[in-house]
Amino acid sequence: MRFVAGLAMSLHNLAIVLGELERPAEGMVAARRAVEIYERLADVEPEAFLSSLAKSTRVLVDRLAEAGRREEGAAAATRAVELYERLAEDRPEDFLPDLAEALSTLSHRLALTGRQQEAVAAAARAVEIYERLAESDPERYRQDHLSSLVNLALWKINNVGFARELNRLVKAFSAAVSGSAVDRASLKEACRLPAAIRCSCRPSGPRDGQRARRHALSRL
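To start, this report covers the structure provided alongside it. All values derive from a computational prediction rather than experimental measurement.

## Quick word on unusual backbone geometry
Argument step 1. Phi is positive for Glu 22, which is not a glycine, with a value near 60°.
Argument step 2. Along the polypeptide, Glu 22 turns up in the loop between helix 1 (2-20) and helix 2 (24-44).

This is the structure we're talking about:
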């Protein structure tokens, strides 16, 4: 079993490297093989291999997204959430952040497949978890909490392109107000945030989406 686990780890690492080399199709194959092996290992020894299975599943989600396999990516993202739910149930202090991140990823993958209501539900769960995490460790999780609020609002108004742009700006804004060292480029991006909101947040979505959007922006 030790050699099988070593093979799975090597495939996992290969999938990451192939992604960095912009070879998503090959990375997808390697990630699939890693997931398949870890699935078998986790069936026998879940305590030893379930977290590795979850990590490889997340890598598979990324490679599928890069290869344009949206439906498969959403299915893999759903599986990743299920795995982190199991892990967080036993060890919340270790795996709640991973569960929140997996839910955020799932919301993106679902939104890109047109499953807006499911995307909103996943994003809402991510917000709830990040709120709890930010209460206990604001310095570490404030930026993630801000981003999750923005994601929830924007999935409700169904504007995926703007979600990507605003997320980028929120990261700069959060860094600017956190008191950490920020370079001039980040501050410049943060100053662009209000203008981007005014230009892009038009009253074209349902009322609940507009309320969520205002709530998210008020938290910035």
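## Observations concerning the environment of Lys 156
Argument step 1. Relative to the assigned elements, Lys 156 resides in helix 7 (residues 138-157).
Argument step 2. Residue Lys 156 is classed as partly exposed on the basis of its relative accessible area, which comes to 22%.
Argument step 3. For the pair Lys 156 and Gln 116, spaced 40 residues apart in the sequence, the C-alpha separation amounts to 7.4 Å.

## Quick look at the nonpolar core
Argument step 1. In this structure, Leu 53, Leu 60, Tyr 84, Leu 99, Leu 103 and Ile 129 are the most contacted members of the largest nonpolar core, which totals 53 residues.
Argument step 2. For this core, the elements supplying multiple residues, two or more each, are helix 1, helix 2, helix 3 (46-66), helix 4 (70-90), helix 5 (92-112), helix 6 (116-136) and helix 7.
Argument step 3. If you tally residues by element for this core, the top one is helix 6, at 10 residues.

## Topic: the packing of aromatic side chains
Argument step 1. This structure, assessed with the given rule, holds two aromatic pairs.
Argument step 2. Ring geometry for Tyr 38 and Phe 49: centres 6.4 Å apart, planes at 35°, overall tilted. Taken together, the residues span a long stretch of sequence, with Tyr 38 in helix 2 and Phe 49 in helix 3 at a distance of 11 residues. Of the two residues, Tyr 38 and Phe 49, both sit in the buried class.
Argument step 3. Look at Tyr 84 and Phe 95: their rings are 6.4 Å apart centre to centre, the planes differ by 40°, and that puts the pair in the tilted class. One end of the pair, Tyr 84, is in helix 4; the other, Phe 95, is in helix 5, with 11 residues separating them in the sequence. Accessibility assignment for this pair places Tyr 84 and Phe 95 in one class, buried.

Scoring rules and cut-offs
- Residues numbered from 1 in each chain as written.
- Predicted model: local features only at pLDDT ≥ 70, side-chain atom pairs only at ≥ 80, totals over all residues.
- Heavy atoms only, no water.
- Helix = DSSP H or I, 4+ residues; strand = E, 2+ residues; numbered from the N terminus.
- Buried < 20%, exposed > 50% of the residue type's maximum accessible area, 1.4 Å probe, protein only.
- Core = buried A, V, L, I, M, F, W, Y, C linked by side-chain atoms within 4.5 Å.
- Phe/Tyr/Trp six-rings, centres within 6.5 Å; stacked < 30°, edge-to-face > 60°.

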